[in-house]
Amino acid sequence: MVERIGVLGAGYVGLTSAACFAAMGHQVSAVDIDAAKIARLDAGEVDLAEPGLAGLVAEGTRAGTLAFGTGLDALAGRELVFLCLPTPPGEDGAPDLGPFRDALRRLGRILSPGTVLVTKSTVPVGTAGRLPGFLGRADLPVVSNPEFLREGHAVHDFRHPDRVVVGADPPDSPAACRVAQLYAPTGADVVRTSSASAELAKYASNGFLAVKASYANAVAELCEQYAADIREVSAVMGLDPRIGPHFLAPGPGWGGSCLPKDTSALLQAADAAGVEFSLLRDAVRANARQRARMVRAIRSAATGSPDGSLDGVRIGVLGLAFKAGTADLRESPAVAVAAELARRGAEVTAYDPAVRSDADGYLVVDDPYLVAKDAAALAVLTEWPEFRDLDWRRLAAAADRPVVVDTRNVLDPFAVAEAGFARVGVGTPMEVPDACSRPRLHPQALAGPLQQRSDRPAAARPVRRAGGDRRTGPGRRP
Ligand code: UDX
């Protein structure tokens with residue numbers, strides 16, 4: 001059955017939903033307050049670098065199943081209206097529902113009786129029950145349909161969801177059945193719940209991902225102390241279906257537009273309810289510590305000491321986006337690390353395949369080889385696969401000290417070692433040019449052994465261990 005669908009908010013969630021529903025054959029009207037964005041969409045330009053999205057928008061516009069507008073009036077007469085507005089954190093960490101509430105007040109004046117209001121925005125638990133108050137009327141059925149798509153995979157995740165959640169009170173209300181029916185073409189399991197369960201499930205999922213990633217970072221730190229390798233440990237853990245292989249990769253910390261915002265909202269909700277959610281609180285604290293740990297590792301690589309002065313020290317950064325496959329810099333741990341290095345006096349030059357804009361405190365260049373020029377250290381902060389394929393000999397020749405801190409473990413250790421680089425990973429042994437295979441060296445051994453370039457006779461001079469046996473923990477390999 002063809003539905004007349006309205007979508008309020010044309011961001012990642014709204015635009016993807018609008019384009020995908022239109023591709024399923026529904027009549028979709030998407031509205032956004034940002035007139036410039038709507039003008040670009042009308043002209044066929046999609047700002048978001050989401051694979052497949054621009055094609056679907058073009059297809060829908062051409063077929064007449066997808067239209068854009070700036071006025072809420074375009075949503076009048078729609079049978080289902082999806083709320084896809086942002087809910088950014090307010091000062092206390094709880095989502096700021098101001099813009100959401102304002103839009104609903106205006107929407108309440110124009111929607112036809114019987115219109116089903118569907119919340120896709122991530123909203124505090126209990127919001128569904130407050131919608132009639134926001135709307136100023138109680139005759140519209142409300143349904144919670146949280147969205148779980150990932151940036152960079154938005155269209156794929158919408159079309160092939162792991163699960164679709166449809167929450168309503170009661171869960172089998174006619175409005176909920178109608179929304180569930182929309183997802184039949186995806187073949188996904190539709191989980192029917194109460195509104196509160198649907199709202200909480202979204203936060204609980206993102207909170208769990210944050211805990212899992214922080215756990216992986218903590219295990220990575222242990223690996224460094226006990227000469228284990230997080231890549232091997234994660235592979236073993238991930239084979240257990242109760243654990244699963246995803247979200248076990250260490251890095252400079254987790255970020256993006258959702259995990260930080262949703263963990264702080266969940267903590268705020270726990271506080272408000274008098275529930276001590278120390279597990280999640282510790283995961284958030286551990287995330288801040290992880291960023292600081294990466295800054296120390298880079299500082300150590302560049303100066304020979306975790307406390308060395310960064311004043312005027314050149315550091316090359318590869319990757320700024322919060323993860324590969326997106327240009328999004330929101331809450332990016334890479335940006336936080338680069339900015340902190342710059343704040344401490346380092347001259348930071350950064351390259352990211354998807355980012356061109358300059359940033360506060362550091363320079364963004366459009367050529368990855370420029371970041372290595374006279375650098376005391378390089379740092380890979382986003383896991384773009386193309387960083388593996390860079391000409392690491394060329395980078396070594398340009399650098400002052402050929403050392404790279406690979407915070408995402410994305411590089412080929414052998415290739416960079418062969419090129420003359422010492423590589424420091426997270427939770428992995430350090431690889432040095434004259435020791436591509438075991439025995440391997442602990443990352444902490446980095447402080448000291450590297451000579452300034454002026455002391456090195458040749459770029460490919462092997463980096464050697466300093467201080468003999470640095471055994472500091474049980475199980476340390478020689
Ligand atoms: C997340 C959720 O995955 C998605 O379901 C929800 O709808 C929105 O929030 P997204 O923000 O696109 O999606 O990013 P995601 O791919 O989940 O990554 C979040 C952060 O965790 C990134 O900074 C990423 O680099 C980091 N991460 C991810 C790790 O540090 N280690 C991992 O193993 C996986």
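Residues numbered from 1 in each chain as written. Predicted model: local features only at pLDDT ≥ 70, side-chain atom pairs only at ≥ 80, totals over all residues. Heavy atoms only, no water.

1. A closer look at the domain arrangement of the chain
- Each domain of the chain was delimited in the assignment, giving domain 1 (4–193), domain 2 (202–285) and domain 3 (294–472).
- Of the roughly 1,600 Å² buried between domain 2 and domain 3 on both sides combined, carbon and sulfur atoms contribute 51%.
- Counting the surface domain 2 buries against domain 3, the share from its top three residues, Glu-224, Arg-231 and Pro-252, is 40%.
- Where domain 2 packs against domain 3, one counts zero salt bridges.
- For the interface between domain 2 and domain 3, the tally reads four residue pairs in polar contact (both at pLDDT 80 or more).
- Mapped onto the side of domain 2 that touches domain 3, the elements with two or more residues apiece are helix H8 (195–225) and helix H9 (230–238).
- Per element, the largest residue contribution to the side of domain 2 that touches domain 3 is four residues, and it comes from H8.
- Its residues assigned to classes, the side of domain 2 that touches domain 3 comprises eight nonpolar, six polar and four charged. (Domains from an automatic or database assignment. Buried area = accessible area lost by both parts, 1.4 Å probe. Salt bridge = Lys/Arg side-chain N within 4 Å of Asp/Glu carboxyl O. Polar contact = N/O pair within 3.5 Å; in protein donor to acceptor, adjacent residues only side chain to side chain. Helix = DSSP H or I, 4+ residues; strand = E, 2+ residues; numbered from the N terminus. Nonpolar A, V, L, I, M, F, W, Y, C, P; charged D, E, K, R; others polar.)

2. Quick word on the packing of helix H1 (residues 12–23) against helix H3 (residues 53–63)
- Running from N to C, H1 and H3 cross one another at 55°; their axes reach a closest spacing of 9 Å. It follows from the interaxial angle that H1 and H3 lie oblique. Seen from above, H1 lies across H3 with left-handed handedness. Along the contact surface, H1 presents Leu-15, Thr-16, Ala-19, Cys-20 and Ala-23, while H3 presents Leu-53, Leu-56 and Val-57.
- Along the lines of polarity and charge, the residues of the contact of H1 with H3 split into seven nonpolar, one polar and no charged. (Axes fitted to C-alpha atoms, helices over the stretch in contact; angles between N-to-C directions. Parallel < 35°, antiparallel > 145°, perpendicular 65-115°, else oblique. Left-handed = near helix turned anticlockwise from the far one by under 90°. Contact = heavy atoms within 4.5 Å.)

3. A look at the pattern of salt bridges
- What the rule picks out here adds up to 25 salt bridges.
- With a shortest N-O distance of 2.7 Å, Asp-47 and Arg-40 are connected by a salt bridge.
- Judged by relative accessible area, which is 47%, Asp-47 ranks as partly exposed.
- Linking Arg-314 and Glu-347 is a salt bridge whose minimum nitrogen-to-oxygen distance equals 3.5 Å. Remark: Glu-347 occurs in strand S10 (residues 347–351) and Arg-314 occurs in strand S9 (residues 314–318); sequence separation between them is 33 residues.
- Given the relative accessible area of 28%, Arg-314 is considered partly exposed. (Buried < 20%, exposed > 50% of the residue type's maximum accessible area, 1.4 Å probe, protein only.)

4. Details of the site of the ligand
- Of all residues adjacent to the ligand, which total 18 residues, the nearest are Phe-148, Leu-149, Glu-151, Ala-249 and Arg-408.
- A distance of 3.1 Å separates an oxygen atom of the ligand from a polar atom in the backbone of Phe-322.
- In the model, an oxygen atom of the ligand is placed 2.9 Å from a nitrogen or oxygen of the Lys-323 side chain.
- Per-element tally for the shell around the ligand: the top contributor is H8, with three residues.
- The class makeup of the residues in the shell around the ligand is 10 nonpolar, two polar and six charged. (Near = heavy atom within 4 Å.)

5. Quick look at the side chain of Thr-122
- By the secondary structure assignment, Thr-122 is in the loop between strand S5 (116–119) and helix H5 (127–135).
- Residue Thr-122 is classed as buried on the basis of its relative accessible area, which comes to 10%.
- At a separation of 3.0 Å, a polar atom in the side chain of Thr-122 contacts the side chain of Lys-202.

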